[in-house]
Amino acid sequence: MSGSASAQAPAVQEGKHYLLLKSPQPVDTGAKIEVIEFFSYACPHCADFEPVLQKWLTTATNVEFRRVPVLFQPKWTALAKIFYTLDALDAETRLSPAVFIPIHRSRIDLAEVQNFFAWASRNGLDRAKVEDTYRSFAVATKVNRAKSLAQKYDVEHVPLMIVDGKYVTDPHQ
């Protein structure tokens, strides 16, 4: 066997590496491949997946990547609001990966709003802007939209990746 043949990646197989969605969803990304990660800051599997995801994002080309927080539990609503607050303040890319650390390593409950406001302030954000944004109609609307999108895609666990509105995979596949 030649060196190049032995270095080839195994073929990607439906049912093993990914599944076809029962109800494909339209995408608006044009020529780019849309990748949506459904996640929660409270999920330990999402926290473990985060470094892998961040590394992949540095090499992903022709991809439109979006994150969508899920709301499986009432407490997760506050965590979704954290995500959309950071996004609205243009701090999501910089701080979203860091949100996992106090939750999973330090056992700080960022779903408790005052803990989040203090954490955001320690991480360079204006506390008053964070508080106003967190409580805004825009953030509440995005949280509701996230809930609806998770229902459309029939999300039952996280982390879960949706590719181009047709394929679903997760780190275990």
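Residues numbered from 1 in each chain as written. Predicted model: local features only at pLDDT ≥ 70, side-chain atom pairs only at ≥ 80, totals over all residues. Heavy atoms only, no water.

## Section: the packing of aromatic side chains
Stage number 1. Evaluation of the coordinates by the stated rule reveals 13 aromatic pairs.
Stage number 2. Judged by centre distance (6.0 Å) and plane angle (50°), the rings of phenylalanine 116 and phenylalanine 117 are tilted. Each member of the pair, phenylalanine 116 as well as phenylalanine 117, is classed as buried.
Stage number 3. A ring pair is formed by phenylalanine 117 and tyrosine 134, whose centres lie 5.5 Å apart and whose planes are at 90°; its orientation type is edge-to-face. Note that phenylalanine 117 is positioned in helix H5 (residues 113-122) and tyrosine 134 in helix H6 (residues 127-134), a separation of 17 residues in sequence. (Phe/Tyr/Trp six-rings, centres within 6.5 Å; stacked < 30°, edge-to-face > 60°. Buried < 20%, exposed > 50% of the residue type's maximum accessible area, 1.4 Å probe, protein only. Helix = DSSP H or I, 4+ residues; strand = E, 2+ residues; numbered from the N terminus.)

## Focus on H6
Stage number 1. All of the buried residues in H6 are Val130, Thr133 and Tyr134. Along H6, the residues classed as buried sweep out an arc of 95° about the axis, all on the same side.
Stage number 2. Contact partners of the buried residues in H6: helix H3 (75-88), H5 and helix H7 (137-152).
Stage number 3. Here H6 starts with a cap whose side-chain oxygen sits 3.1 Å from the backbone nitrogen of alanine 128, and that cap is aspartate 126. (Arc of directions from axis to C-beta. Contact = heavy atoms within 4.5 Å. Polar contact = N/O pair within 3.5 Å; in protein donor to acceptor, adjacent residues only side chain to side chain.)

## Some details on the pattern of salt bridges
Stage number 1. Within this structure, the stated rule accounts for eight salt bridges.
Stage number 2. Arginine 66 serves as the salt-bridge partner of glutamate 34, at 3.4 Å between the closest nitrogen and oxygen. A residue pair is termed long-range when its members are at least 10 positions apart, and glutamate 34 in strand E2 (residues 33-39) and arginine 66 in strand E3 (residues 63-69) qualify at 32 residues.
Stage number 3. Taking the relative accessible area as the measure of exposure, glutamate 34 reaches 5% and is therefore buried.
Stage number 4. Using a relative accessible area of 35% as the deciding quantity, one classes arginine 66 as partly exposed.
Stage number 5. The closest approach of N and O atoms between aspartate 87 and lysine 142, which form a salt bridge, is 3.9 Å. Here aspartate 87 is found in helix H3, whereas its partner lysine 142 is found in helix H7, with 55 residues between them in sequence. (Salt bridge = Lys/Arg side-chain N within 4 Å of Asp/Glu carboxyl O.)

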